[in-house]
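Each chain, written out:
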Amino acid sequence: MSQPISDTYAQQLQQMRADLIAQIRAQRGGKIGRAESALDPHDIQSGDWSQVDGERDLAQALDERETAALRAIDEALQRIANGTFGLCTDCGAEIPTARLHAAPTAQRCIGCQTRYERDHPGATPSL
Ligand SMILES: [Zn+2]
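Looking at an unreviewed UniProt entry, one finds the protein chain named Zinc finger DksA/TraR C4-type domain-containing protein, with Tepidimonas fonticaldi as its source organism.

Here you go:
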């Protein structure tokens with residue numbers, strides 16, 4: 001892949017990363033505030049943990065999904081840096097431009113991705 005094209009993807013990925021972090025910050029702002037107020041010592045003494053557990057589970061779920069999304073972006077940027085961006089990580093074939101355009105974090109060609117998702121039913125689908 002030529003340098004100007006991968007530069008475009010790098011910019012797109014950096015933008016996705018910035019947007020995602022801004023989104024996480026915005027969501028965490030409210031969530032952390034509520035979780036912290038729920039953890040007020042007075043509430044703990046009163047023994048009411050029902051709210052706290054719900055908030056924690058929600059925050060945890062978001063964490064995993066968002067962490068996976070961030071990791072996918074970082075891995076794509078890493079592939080740009082080492083020159084393997086746009087090549088399937090499984091078979092080494094070039095990933096079609098249309099697929100990369102729709103999902104710059106795609107790391108497999110469609111054939112390998114389909115096989116991967118079939119072999120790993122619980123895996124996070126490609127972003
Ligand atoms: Zn492949």
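Continuing now.
A. Fine view of the coordination of the zinc ion. The coordination sphere of the zinc ion contains the protein donors Cys 88 (SG), Cys 91 (SG), Cys 109 (SG) and Cys 112 (SG), at a distance range of 2.3 Å. Coordination at the zinc ion is tetrahedral: its four donor atoms span angles of 103 to 116 degrees at the metal. Each donor residue of the zinc ion lies on one chain, and together they are spaced C-x2-C-x17-C-x2-C. With Cys 88 in the loop between helix H3 (50-81) and helix H4 (97-102) and Cys 112 in helix H5 (residues 110-119), the pair connects residues that are 24 residues apart, well separated along the chain.

B. Geometry of the UniProt feature "domain: Zinc finger DksA/TraR C4-type" (unreviewed entry) in the protein chain. As recorded in UniProt, the sites labelled "domain: Zinc finger DksA/TraR C4-type" (unreviewed entry) are residues 83-118. Between the first and last C-alpha atoms of residues 83-118 the distance is 28 Å; the span itself is 42% helix and 0% strand.

C. Broad picture of the environment of Gln 15. By secondary structure assignment, the location of Gln 15 is in helix H1 (residues 3-38). Classification of Gln 15 as partly exposed rests on a relative accessible area of 45%.

D. Quick peek at the pattern of salt bridges. This structure, assessed with the given rule, holds four salt bridges. Among the salt bridges present, the one from Asp 74 reaches Arg 17, with a minimum N-O distance of 2.6 Å. Placement of the pair is Asp 74 in helix H3 and Arg 17 in helix H1, with a sequence separation of 57 residues. On the basis of relative accessible area, Asp 74 is assigned to the partly exposed category, the value being 32%. A residue is classified by how much of its surface remains accessible, and Arg 17, at 26% relative accessible area, is partly exposed. Its salt-bridge partner being Asp 119, residue Arg 118 comes within 3.7 Å of it at the nearest N-O pair.

So, how was this worked out
Residues numbered from 1 in each chain as written. Predicted model: local features only at pLDDT ≥ 70, side-chain atom pairs only at ≥ 80, totals over all residues. Heavy atoms only, no water. Donors = N, O, S within 2.8 Å, 3.2 Å for Na, K, Ca; no water. Tetrahedral: all angles 85-135°; square planar, octahedral: opposite > 155°, others 65-115°. Helix = DSSP H or I, 4+ residues; strand = E, 2+ residues; numbered from the N terminus. UniProt positions renumbered as here; feature names shortened; annotations may be inferred. Buried < 20%, exposed > 50% of the residue type's maximum accessible area, 1.4 Å probe, protein only. Salt bridge = Lys/Arg side-chain N within 4 Å of Asp/Glu carboxyl O.

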